[in-house]
Amino acid sequence: MKIPKLLKRVQEYVDADKLKQCKRKDCMKEVLQQLKKQQRALKGKLGKEKNEKERKRIQKALDIIYLQRKKGLKALKKLQKS
Amino acid sequence: MIRKIVLPTILFLLAYGFWISPNFKEIAAGVSIFLFGMLFLEEGFKAFTGGLLERLLRKTTSSTWKALSFGVVSTTIMQSSSLVSVITISFLGAGLIGLAAGIGIIFGANLGTTTGAWLIAGLGLKVKISAYAMPMLVFGIILVFQKSRNLKGFGYILAGLGFLFLGIHHMKEGFEAFRDTIDLTAFAVAGYPGILLFTLIGVFATVVMQSSHATLVIIITALAAQQITYENALALAIGANIGTTITAILGSMSSNVQGKRLAGAHLIFNMVTAIIAIIFLYQIAEGVDWVSSVVGIADENYTLKLAVFHTIFNVIGILAMLPFINTLVDFLMQRMPEKIVSVAEPKYLNDSVIELPDTAIEAVRKETLHLYDNAFAIIAHGLSLHRHDILSDKDLDEVAAESTKVMPIDIDAEYEKNVKGLYSDIVNFTSRAQSTMEPDQADELFALRAAGRDIVEAIKDTKHMHKNLSQYIVSDNEHIRAEYNRIRSYLGSVLRRLAVVQQEGDDPTSVLSLDIMKVEMEENDTTVNGTLESLIREESITPHMATSLMNDAAYAYDVTKNLVQMGEVLFATGMQSMKDVERMIALDDEEIAELLERDNNPL
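Remember, it's a predicted structure, so these values are computed and weren't measured experimentally. (Residues numbered from 1 in each chain as written. Chains lettered and ligands numbered in written order. Predicted model: local features only at pLDDT ≥ 70, side-chain atom pairs only at ≥ 80, totals over all residues.)

### Some thoughts on the overall build of chain B
For the record, the criterion: Secondary structure elements are defined from DSSP: runs of H or I of at least 4 residues count as helices, runs of E of at least 2 residues count as strands, and each element is numbered from the N terminus. The globule rule used here is 2.2 Å times the number of residues to the 0.38 power, and the radius of gyration it is set against is calculated over C-alpha atoms. To assign burial, the other C-beta atoms lying within 10 Å of each residue's own C-beta are counted, with C-beta atoms placed from the backbone; 20 or more indicates buried, 12 or fewer indicates exposed, and intermediate counts indicate partly exposed.
When its secondary structure is counted, chain B shows 27 helices and 0 strands. Its C-alpha atoms give chain B a radius of gyration of 32 Å, more than 25% over the compact-globule value 25 Å for 603 residues. Seen along its three principal axes, the alpha-carbon backbone of chain B occupies a region of about 110 × 50 × 50 Å. In chain B, which comprises 603 residues, the share counted as buried stands at 47%.

### As for the overall build of chain A
A count of helices and strands for chain A gives 3 helices and 0 strands. Mapped from its N terminus to its C terminus, chain A presents α and β elements in the order α-α-α. For chain A, the residues scored as buried account for 11% of the 82 residues in total.

### A word on the interface of chain A and chain B
By a widespread convention, an interface's size corresponds to the accessible area lost as its parts come together. Applicable threshold: Working definition of a contact: two residues with C-beta atoms, positioned from the backbone, lying within 7 Å. Three residue categories are used. Nonpolar comprises Ala, Val, Leu, Ile, Met, Phe, Trp, Tyr, Cys and Pro, charged comprises Asp, Glu, Lys and Arg, and polar comprises the others, including Gly.
The partner chain B presents 21 residues to the 23 residues of chain A that form the contact. For the side of chain A that touches chain B, the secondary-structure elements that each account for two or more residues are α1 (3–14), α2 (16–48) and α3 (52–81) of chain A. A total of 11 residues in the side of chain A that touches chain B trace back to one element, the largest contributor, which is α2(A). For the side of chain A that touches chain B, the residue count by class is 11 nonpolar, 4 polar and 8 charged.

### Structural notes on the packing of helix α23 (residues 478–503) of chain B against helix α25 (residues 543–570) of chain B
All names here are of chain B. Which entries qualify depends on this criterion: Helix axes are fitted to C-alpha atoms over the stretch in contact, other axes to C-alpha atoms as well, and angles between N-to-C directions run from 0 to 180 degrees. For classification, angles of less than 35 degrees are called roughly parallel, those exceeding 145 degrees roughly antiparallel, those between 65 and 115 degrees roughly perpendicular, and all remaining angles oblique.
Where α23 contacts α25, the axes come no closer than 11 Å and their chain directions differ by 0 degrees. Viewed along their axes, α23 and α25 adopt a mutual orientation that is roughly parallel. Judged by residue contacts, Ile480, Glu483, Ile487, Tyr490, Leu491, Val494, Leu498 and Val501 of α23 engage Met545, Leu549, Asp552, Ala553, Ala556, Val559, Thr560, Leu563 and Gly567 from α25. Residue composition of the contact of α23 with α25, grouped by class: 13 nonpolar, 2 polar and 2 charged.

### Here's the deal with the confidence of the model for chain A
Spelled out, the test is: As a per-residue measure, pLDDT tells how confident the predictor is, with possible values from 0 to 100.
For chain A, the average pLDDT comes to 82, and 80% of its residues sit at 70 or higher. Mean pLDDT across the elements of chain A bottoms out in α1(A) (66) and peaks in α3(A) (89).

### Digging into the domain arrangement of chain B
To keep it simple, the criterion reads: Residue ranges assigned to the domains are those given by an automatic or database domain assignment.
Along its sequence, chain B is carved into domain 1 (23–182 + 195–335) and domain 2 (354–600). One C-alpha centre belongs to domain 1 of chain B, the other to domain 2 of chain B; they are set 50 Å apart.

### Quick look at the environment of Gly264(B)
Residues and elements named next belong to chain B. Residue placement: Gly264 occurs in helix α14 (residues 257–279). In this structure Gly264 comes out as buried when scored by C-beta crowding, with 21 C-beta atoms within 10 Å. On a C-alpha basis, the gap between Gly264 and Thr245 in space is 8.9 Å, while along the polypeptide they are 19 residues apart.

### A word on unusual backbone geometry
Residues and elements named next belong to chain B. Phi is positive for Ser384, close to 55 degrees, though the residue is something other than glycine. Look at Glu539: it is not a glycine, yet its phi comes out positive at around 55 degrees. One can find Glu539 in the loop between α24 (514–537) and α25. Residue classification places Glu539 among the exposed positions, given that 9 C-beta atoms sit within 10 Å.

### What about the nonpolar core?
Within soluble globular proteins, side chains that are nonpolar tend to cluster in buried spots. Residues and elements named next belong to chain B. Rule in force here: Think of a nonpolar core as buried Ala, Val, Leu, Ile, Met, Phe, Trp, Tyr and Cys residues chained together by C-beta atoms that fall within 7 Å.
Counting residues in each nonpolar core, the largest one holds 169 residues, and the members touching the most others are Ile219, Ile220, Ala237, Leu306 and Ala375. With 13 residues, helix α9 (residues 149–181) is the largest single contributor of residues to this core. When residues are assigned to domains, this core turns out to be shared by domain 1 (23–182 + 195–335) and domain 2 (354–600), each giving three or more. Look past the residues within four positions of Ile220 in its chain and what remains in contact with it is Ala117, Ile120, Ala121, Thr303 and Leu306.

### Looking at the environment of Ile279(B)
Summarising the element assignment, Ile279(B) is placed in helix α14. Remark: the alpha-carbon pair of Ile279(B) and Tyr192(B), spanning 87 residues in sequence, is separated by 9.2 Å.

As structure tokens, then:
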């Protein structure tokens, strides 16, 4: 590890706020990935589903995940900037 | 009575000792500085318990070997088996790890603590240790005054090590000067009486100082100054091992039965190890000579040989006890049975966890889950539904339609008996625990307290609904019966979904799936109101029934809202950052309203 990078790491560790931001960033990425996986799975399920009531339910879940991901991506950008 | 006499006697003896011997004063001051260093070290490590140590501990539950390794490594790093055992007891008390894992850690901690003897014997006596102590103290104290929690923690550790070294230095100097005036070896007792006597002295010294490390330092420095015989030093080391369990026993006093069991295991382990070591002392000493010759330790280097002995006899203890770990668990469970507590008594809140913020938060979370379990039964029975039906795969519409018998339940009495006391204990505990917390941790505690309030509110809403519900689910009017059954089935499905989310706690997106319930809750509310209009218009129900239904639909909405709010906080597990992120992403009321608006008016 080069010295500037090492110093940055140390600085991050010492600065509790920064450390928290970093952890949040990692967690946000993980949650967004999971949501994307769920979204794909639900889309696949929707394609095969014939029952109208069930289709509606899946669509609703997809709408919610879409909004959650949108919100999460916006928050991630903010975290990356700060 | 004895307690009242012991302290003044010790103080008097010390004062007398200081008066007659300046060297004794130096040794005692050295011990005090050493113990002060231990306190600093513990303080420093406590600053880091807010996450790392707890996360590591959580992962050591899977196997005995992992638990054992964790005990060895953490005690080696922290140089305090007492701190590791106190933390383990609090984890066990908070229900975060099992007894077998806890015992594994304690066994490991016993081995880890032997590295202290190596450090003192190998490094402490050869190098001019005070030369390192001074800069450590200066840097450490500067860091202690810093704002950052981590820097402060480092500072405490550095200063703690500095004090440890300084303490060792003074003890060494004291014993060396002592050698010129008094020869303590004159008091040496040979053979087994000597072994037993010095073992008892070792136990007593460690109980008084509450640190086997401090006793070991005294033994090693005294041995280096040839003030005690090698044989008596071995016996003292055995005594120190027994005495160290006192800290664990004291730590377990304020813990629940789990903590007490662990302290029991600690005592049994150290006693068994000590008995083996005493019986086979001469054989083990021969083993030490052999190991010493293999690793190249000189015959006269008794201090390092003592370190070898300390390690060997703890390894023997582990090897002897490890195969019986499950027997030990069974024995302790049998001898110290869990007090059958009423469902209304707290299971996880105890004073041993209050000083470790993250553990205290986890204990409050678990206790609030316990509160929810009690509330679940009240709400289910208030809806005249069986818990097993709610938690099954059965179609809840059918269950509600078929179960037409009203369950007799006095919600007020149940609330008083199973909820109120527990809730008060949680509120009391959180108020006490938050005083030692960082703002973020205190926020989490507040969120948990709010979750408790949501649970209580949900019960109260159920109570309001209960009277009408009991009347209308057996009504002759099929329309009102159907409407109330719909409310029952809907709330049953809410409880069922919450149970699923609770089970999937490790998946970070499971809490986010509660957003679906928020949307359905709003949809359900508007549907009920729509249906109501037509029922009134068609005169299928009386105006009196209509107002009841309207009010109870509002109560059902509130029950759902409170329970979903509760679930968002209570079912989120893992790191604080993950919980923060989940809360950042979860949709708020406005976003839910927008989504519903879009669904109702598609472009």
